[in-house]
Amino acid sequence: MELQKRKIVVIGAGHVGSHAGYALISQGLAEEIVFIDVDRKKAEAQALDLFDATAYLPSRAVVRAGDYGDAADAQLLIVAAGPLPDMSRGQTRMDTLRQTIEIMKDVTEAIRMSGFAGIILSISNPADVVAHYIQHKLNWDPRRILSTSTTLDSARLRRALAEAIGVDQKSITAYALGEHGESQMVPWSVVSIAGKPLAQLREERPDTYGKLDLDAIAAAGRAGGWTILGGKGSTEFGIGASIAEVVRAIFHDEDRILPVSVLLEGQYGQNGVYASVPARLNRHGVADIIELKLAPEEQARFAASCATMDENFKLSLTL
């Protein structure tokens, strides 16, 4: 019996796509990665640079530039094409919607014609709206298309909380939910430290945990991407690692629960909108959506975030 090669196609060979590629090969998550970009020379250069690195990495992988024909036998396709927000103009991720959708019109048609039948991981911003747009245009099984969305925001939230309390972030369970963007929210009622609810710790230790400024911590997590973008012009390493985490959960059939953007069909009181919530991921893609018991005010903030994304999804169909 012939073993199946794990093959990933990455659309977009910019900062995010290339760092995703490095995270994937350094963690041995694929045997072949193919980059597609309208700038063929850039795709070839990124692929060659990454391929050179494999000589000193634990696992071998072929990294090359290609075209959409290469997607026919790939198991996973990463969509990483689109512009970065222009901070000098005060743009948010949602403000790049028009530009990104113009690119996605060509991308979705090329995917349709390629024969690809695997799982789509969309990371192009605005992440949740673009994932929904691709799913709608391709009429794709929603279990097989998702976005990393707040996978990275949740890591930033845990880092900010860890810095405030002096506990390693790996001992914290906390999620940013809703939009990978300005309307995201933090359900503090379900945050725990080593399995103990943060709310209980705040009652028991009023002089330490009780003095935490939760709004400031949430804002620090939300602002993490903007701090990085303003300082060096792009985000790379955090999103690369986030992508690798999602890919590992899928390729290794882990049934791992991660905060990713999925199509909600009744969960959290929402219908027909992509939003980031904890979901169980395995080789089939999105195997299950975990519904957290949100406090009433948290539910309202989550609904408001979903309303923002639904409005912009409907706008995307008119562009």
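Preceding this section is the structure that the text describes.
Rules of the game
- Residues numbered from 1 in each chain as written.
- Predicted model: local features only at pLDDT ≥ 70, side-chain atom pairs only at ≥ 80, totals over all residues.
- Heavy atoms only, no water.
- Helix = DSSP H or I, 4+ residues; strand = E, 2+ residues; numbered from the N terminus.
- Expected span 1.5 Å × (residues − 1).
- Buried < 20%, exposed > 50% of the residue type's maximum accessible area, 1.4 Å probe, protein only.
- Arc of directions from axis to C-beta.
- Contact = heavy atoms within 4.5 Å.
- Pairing = 2+ DSSP bridges.
- Right-handed = clockwise from strand over helix to strand, strands pointing away.
- Core = buried A, V, L, I, M, F, W, Y, C linked by side-chain atoms within 4.5 Å.
- Axes fitted to C-alpha atoms, helices over the stretch in contact; angles between N-to-C directions.
- Parallel < 35°, antiparallel > 145°, perpendicular 65-115°, else oblique.
- Left-handed = near helix turned anticlockwise from the far one by under 90°.
- Nonpolar A, V, L, I, M, F, W, Y, C, P; charged D, E, K, R; others polar.
- Polar contact = N/O pair within 3.5 Å; in protein donor to acceptor, adjacent residues only side chain to side chain.
- Phe/Tyr/Trp six-rings, centres within 6.5 Å; stacked < 30°, edge-to-face > 60°.

### Comments concerning helix α9 (residues 296–316)
Moving on, step 1. Look at α9: 30 Å from first C-alpha to last across 21 residues, which is about the 30 Å you get at 1.5 Å a residue.
Moving on, step 2. Inspection of α9 places E298, F302, S305, C306, M309, N312, F313 and S316 among the buried residues, and these make up the whole buried set. Buried residues of α9, seen end-on, are gathered within an arc of 125° and therefore sit on one face of the element. Facing away from the buried side of α9 by over 90 degrees, the exposed positions are P296, E297 and E311.
Moving on, step 3. Turning to α9, the residues buried within the fold contact α3 (97–114), α4 (127–138), β10 (256–265) and β11 (271–282).

### With respect to the environment of M309
Moving on, step 1. Tracing the backbone through its elements, the reader meets M309 in helix α9.
Moving on, step 2. For the pair formed by M309 and A223, sequence separation is 86 residues and the distance between their alpha carbons is 19 Å.
Moving on, step 3. If we skip the residues at most four places from it in the chain, M309 touches M94, D128, V129, G178, E179, V273, Y274 and A275.

### Structural notes on the pairing of strand β1 (residues 7–11)
Moving on, step 1. By the criterion of burial, β1 is predominantly enclosed, with five of the five residues buried.
Moving on, step 2. Alignment of β1 against strand β2 (residues 32–36), held across five bridges, turns out to be parallel. Note on β2: the bridge partner recorded for I8 is I33.
Moving on, step 3. Between β1 and its parallel partner β2, the chain crosses via helix α1 (residues 15–26), and the hand of that crossover is right-handed.
Moving on, step 4. Here β1 pairs with strand β4 (residues 76–79) via four bridges, running parallel. If you follow I11 over to β4, its bridge partner there is V79.

### Some points on the sheet that holds strand β7 (residues 172–173)
Moving on, step 1. Ordered by their spatial adjacency, three strands build an open sheet running β7-β8-β9, and the pairing between neighbours is antiparallel. Pairing within the sheet leaves two strands with one partner each, and these edge strands are β7 and β9 (196–197).

### Points about the nonpolar core
Moving on, step 1. One finds I8, I78, L146, L281 and F302 to be the most contacted residues of the largest nonpolar core, which totals 83 residues.
Moving on, step 2. By residue number, the principal contributor to this core is helix α8 (residues 237–251), which donates eight residues.
Moving on, step 3. Residues contacting I8, with those up to four places away along its chain left out, are L24, A30, E32, I33, V34, L76, I78, V247 and F251.
Moving on, step 4. Core analysis: the second largest hydrophobic core is formed by 18 residues, A174, V191, Y209 and A218 among them.

### A few points about the pairing of strand β3 (residues 62–65)
Moving on, step 1. The two faces of β3 differ: V63 and A65 on one face are buried, but V62 and R64 on the other face are not.
Moving on, step 2. Here β2 runs beside β3; their pairing, made up of four bridges, is parallel. Note on β3: the bridge partner recorded for V34 is R64.
Moving on, step 3. Taken together, β2, helix α2 (residues 40–53) and β3 form a β-α-β motif whose crossover is right-handed.

### Brief notes about the packing of helix α5 (residues 150–165) against helix α7 (residues 214–232)
Packed helix pairs are characterised by how far apart their axes lie and by the angle those axes make with each other.
Moving on, step 1. Where α5 contacts α7, the two axes come as close as 8 Å, and the packing angle between them is 120°. The orientation of α5 with respect to α7, classified from their angle, is oblique. Handedness of the α5/α7 crossing: right-handed. Contacts between α5 and α7 pair R156, L157, R159, A160, L161 and A164 from the former with I217, A218, A220, G221, G224, G225 and I228 from the latter.
Moving on, step 2. Per-class residue counts for the contact of α5 with α7 are eight nonpolar, three polar and two charged.

### Observations regarding α1
Working note: α-helix, 3.6 residues per turn, so residues spaced by three or four point in the same direction.
Moving on, step 1. The end-to-end C-alpha distance of α1, which contains twelve residues, comes to 16 Å, matching closely the 16 Å that a straight helix rising 1.5 Å per residue would cover.
Moving on, step 2. Most of α1 is tucked away, with nine of its twelve residues classed as buried.
Moving on, step 3. Buried residues of α1: V16, G17, S18, H19, A20, G21, A23, L24 and I25, and no others.
Moving on, step 4. Where α1 is buried, its residues contact β1, β2, α2, β3, β4 and α8.
Moving on, step 5. Note on α1: the residue one or two positions beyond its end, G28, has a positive phi of about 65°.

### Here's the deal with the side chain of R93
Moving on, step 1. Turning to its location among the elements, R93 is positioned in the loop between β4 and α3.
Moving on, step 2. Within the local environment of R93, its side chain forms a polar contact with the side chain of H180, the two groups lying 3.3 Å apart.
Moving on, step 3. Other than its neighbours up to four places away in sequence, R93 contacts P85, N125, P126, R156, H180, G181, E182, G225 and W226.

### A closer look at the packing of aromatic side chains
Moving on, step 1. Evaluation of the coordinates by the stated rule reveals two aromatic pairs.
Moving on, step 2. Relative to W140, the ring of F116 lies with its centre 5.9 Å away and its plane at 5°, an arrangement referred to as stacked. Of this pair, F116 sits in the loop between α3 and β5 (119–122) while W140 sits in the loop between α4 and β6 (145–147); the two residues are 24 residues apart in sequence, bridging distant segments of the chain. Neither F116 nor W140 differs from the other in exposure class; each is buried.
Moving on, step 3. With centroids separated by 5.2 Å and ring planes inclined at 40°, the aromatic side chains of Y268 and F302 adopt a geometry described as tilted. Placement of the pair is Y268 in the loop between β10 and β11 and F302 in helix α9, with a sequence separation of 34 residues.

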